[in-house]
Amino acid sequence: MSAAPNRRMVAVVLLIPVVAILALWAFAWPAARIAPHGLPVGVAGSAPAADRLQQQFEQREGAFEVHRYASAADARRAIEDRSVYGAVAVTPQGPQLLTASAASPVVAQLLRQTVTAQAPEGTQVRVADVVAAPAGDPRGSALGASFLPLAIAGVLSGSAVTMLRLRGRRAALALIGAATLVGIGAAALTDNWLGVITGDWCAEAGTLGLTVLAIGGTVAGLAAVIGPPGAGLGALLMVLLGNPFSGVTSAPELLPRPIGTIGQLMPPGAGGSLLRSVAFFDGSGAGGALLTLTLWAALGLTAVLIGGRHRAQHPAAPAPGLPEPALAG
């Protein structure tokens, strides 16, 4: 038995368990450690009642990042601007909890439980959902589930460009075309049919398409720069790390540190944040996520173009022992 097949067999035996354990760690560990880590919340009203509310949040060291507002109206505007996930307002009728289930149903439920537990016995906490999740997806389950297929679509587009040996401009146009059609189809499915998202249709389609382009461009770009193994590296990066670190099913601030921060710097996490902004908050808080996606897409496409140009200028040498092709004329 030759040495090369033996080495490949050993590689398969060792590589598959490593990938499986990595995937289990990446998906299971953040989910098992869901808890607030610097979660932005607001406290509205005048002292001393508002001071007591703030102290109650700060008792859980590092869990909440408290912002103070003069009135409940100011707190509502902060929620609509995506500055905070929710707020507790001191009113003559007692404490009022303002939430935004569209930003994260998990966080809205967490705040409800936290504020209710902290309220004096017998106190009724009134709850107002300032930006409610759509009726078609009140728990955010469908929205969270939609990003793994988008990541897979991006990986497939980048891998297809690599396997079909598309280079340079053809590869870039193929990636852009595929991402555009995925964005249109995904928006039609999630908005028009399922009612999972309810914002500006063109902005939603653009966000979904840009997410796929950022992922596909990265996969194809790595393959263009370092060869076919780059496609596998890109797939592992986006599916096994980017997707579970995205916080789409909960919130980035509920993931262990620094997982939530890392996830927002990757296309799946940035795409999830951008989609929530354009779908439910009229684009508020979209700047950072849009910049992140644009940079990934631009860097990926640049690598594809440069890699294609380099291969065109330096064609592969013929295999040893094979004659050079005859020149015509």
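Residues numbered from 1 in each chain as written. Predicted model: local features only at pLDDT ≥ 70, side-chain atom pairs only at ≥ 80, totals over all residues. Heavy atoms only, no water.

**Q** Summarise the packing of aromatic side chains; cite the residues concerned and give the values.
**A** Under the criterion given, the structure shown has three aromatic pairs. Note on tryptophan 25 and tryptophan 29: the rings are 5.7 Å apart at their centroids and 15° apart in plane angle, and the pair reads as stacked. On the criterion of helical spacing, the pair formed by tryptophan 25 and tryptophan 29 is a turn pair, its members being four residues apart in helix α1 (residues 3–32). Of the residues examined, tryptophan 29 reaches a relative accessible area of 30% and is grouped as partly exposed. Arranged with centres 5.8 Å apart and planes meeting at 80°, the rings of tryptophan 25 and phenylalanine 245 form a pair that is edge-to-face. One end of the pair, tryptophan 25, is in helix α1; the other, phenylalanine 245, is in the loop between α9 (229–242) and α10 (259–264), with 220 residues separating them in the sequence. According to the relative accessible area criterion, tryptophan 25 is partly exposed, its value standing at 38%. An aromatic cluster of at least three residues, connected via ring pairs, comprises Trp25, Trp29 and Phe245. Positioned over the ring face of phenylalanine 281 is arginine 82, at 5.1 Å from the centre of the ring. (Phe/Tyr/Trp six-rings, centres within 6.5 Å; stacked < 30°, edge-to-face > 60°. Helix = DSSP H or I, 4+ residues; strand = E, 2+ residues; numbered from the N terminus. Buried < 20%, exposed > 50% of the residue type's maximum accessible area, 1.4 Å probe, protein only. Lys NZ or Arg CZ within 6 Å of the ring centre and 35° of its normal.)

**Q** A description of the packing of helix α7 (residues 168–193) against helix α8 (residues 201–226) should follow, citing residues and the corresponding values.
**A** The geometry of α7 relative to α8 is characterised by a closest axis approach of 7 Å and an angle of 140° between their N-to-C directions. Here α7 is positioned oblique relative to α8, judged by the angle of their axes. In this structure, α7 meets α8 at a crossing whose hand is right-handed. Counted together, Leu175, Ile176, Ala179, Val182, Gly183, Ile184, Ala186, Ala187, Ala188, Thr190, Asp191 and Asn192 of α7 and Trp201, Glu204, Ala205, Leu208, Gly209, Val212, Leu213, Gly216, Gly217 and Ala220 of α8 form the full contact between these two elements. Among the residues forming the contact of α7 with α8, the class breakdown is 14 nonpolar, six polar and two charged. (Axes fitted to C-alpha atoms, helices over the stretch in contact; angles between N-to-C directions. Parallel < 35°, antiparallel > 145°, perpendicular 65-115°, else oblique. Left-handed = near helix turned anticlockwise from the far one by under 90°. Contact = heavy atoms within 4.5 Å. Nonpolar A, V, L, I, M, F, W, Y, C, P; charged D, E, K, R; others polar.)

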